[in-house]
Amino acid sequence: MHLSLSQHLKKFFYYNKCSVCNKTLDDSELYICKECQKLFKEQSSLKFFKDVYYIFDYDQNFKNLIKNYKFYNRKYLGFFISQLVDKNLKKIILENDIDIIISVPLNKKRLLSRGFNQVSFILDILNIEYSKIVRVKNTKHMSLLLDKNMRKHNISKAFYIPIDINKKNILIIDDIITTGSTIKEIIKELKISGTPKSITIFTFSMAHSYKKSF
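Residues numbered from 1 in each chain as written. Predicted model: local features only at pLDDT ≥ 70, side-chain atom pairs only at ≥ 80, totals over all residues. Heavy atoms only, no water.

Chemist: How would you summarise helix α8 (residues 181-193) if you had to cite specific residues and measurements?
Modeler: Between its terminal C-alpha atoms α8 stretches 19 Å, which fits the 18 Å expected from 13 residues at 1.5 Å a residue. Residues of α8 that are buried include every one of S181, T182, I183, E185, I186, I187, E189 and L190, and no others. (Helix = DSSP H or I, 4+ residues; strand = E, 2+ residues; numbered from the N terminus. Expected span 1.5 Å × (residues − 1). Buried < 20%, exposed > 50% of the residue type's maximum accessible area, 1.4 Å probe, protein only.)

Written out as structure tokens, the structure is:
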């Protein structure tokens, strides 16, 4: 594989280790080694648990991948993740006759520091249209809040729904579901603001903690 000038520059400026296993990358690899690419492709099957569609368990490999994508300026990984979710996501949209897709928004502070919304960027890559809801509260990172009630209070009244969702089939998309607090709050606000026909949830990865909460 021939690297473009921009890819060579990325390899020069960024840490030249695999985002998943930390192995040194060769000249044909960018951000993620071939072995890890193969592993993710083999594991990318659609799963379903308690009304939530997901692709990956939130294990150490996916944790490393999403951490590098979101926090370590490896936005290019969004193209790889989009390949992993593409087919199954479009299947969900088709089979559930989805009218409106909602990407879980970041608060303004986090969006400014990160520079992009990790879910919206992947939807843009896949040319999937989505509607924006507004995060009106600068919530703390949910990963920092271990107590269930603290998470619930943190996310309470954090969203505003500026779109007409009456009699629409809605799909909410997030990158990781851990306790489900964020998704539940969005669903609550959707039902306050209108009468959706159905609400479907899709996440790239599901944490074991979410399964244990039932």
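Having put the structure on the table, let's press on.
Chemist: Describe the pattern of salt bridges, listing the residues and the values that go with them.
Modeler: Considering all chains together, one arrives at 7 salt bridges under this definition. Between K70 and D175 there is a salt bridge; the shortest N-O distance is 2.9 Å. Separated by 105 residues along the polypeptide, K70 in helix α3 (residues 60-71) and D175 in strand β6 (residues 169-177) bring together distant segments of the chain. Across this residue pair, the class does not change: K70 and D175 are buried. Ionic contacts of the salt-bridge type, sharing partners, join the residues D26, E29 and K34 into one network. (Salt bridge = Lys/Arg side-chain N within 4 Å of Asp/Glu carboxyl O.)

Chemist: Just give me the short version of the packing of aromatic side chains, but keep the residues and values in it.
Modeler: This structure, assessed with the given rule, holds 13 aromatic pairs. Centroid distance F202 to F204: 6.1 Å. Interplanar angle 65 degrees. Geometry classified as edge-to-face. Pair check on accessibility: F202 and F204 agree, each one buried. Chaining the aromatic ring pairs together yields one cluster made of Y31, Y69, Y76, F79, F116 and F121. (Phe/Tyr/Trp six-rings, centres within 6.5 Å; stacked < 30°, edge-to-face > 60°.)

Chemist: So what about helix α4 (residues 77-95)? Which residues, and what values?
Modeler: Given 3.6 residues per turn, any residue in an α-helix points the same way as the ones three and four places further on. The end-to-end C-alpha separation of α4 is 28 Å, in line with the 27 Å expected for 19 residues at 1.5 Å each. The largest bend in α4 amounts to roughly 50 degrees and is located at V85. Residues of α4 that are buried: L77, G78, F80, I81, S82, L84, V85, N88, L89, I92 and I93. At the C-terminal side of α4, D97 shows a positive phi close to 50 degrees. (Bend = angle between axes of the 7 residues up to and from the residue.)

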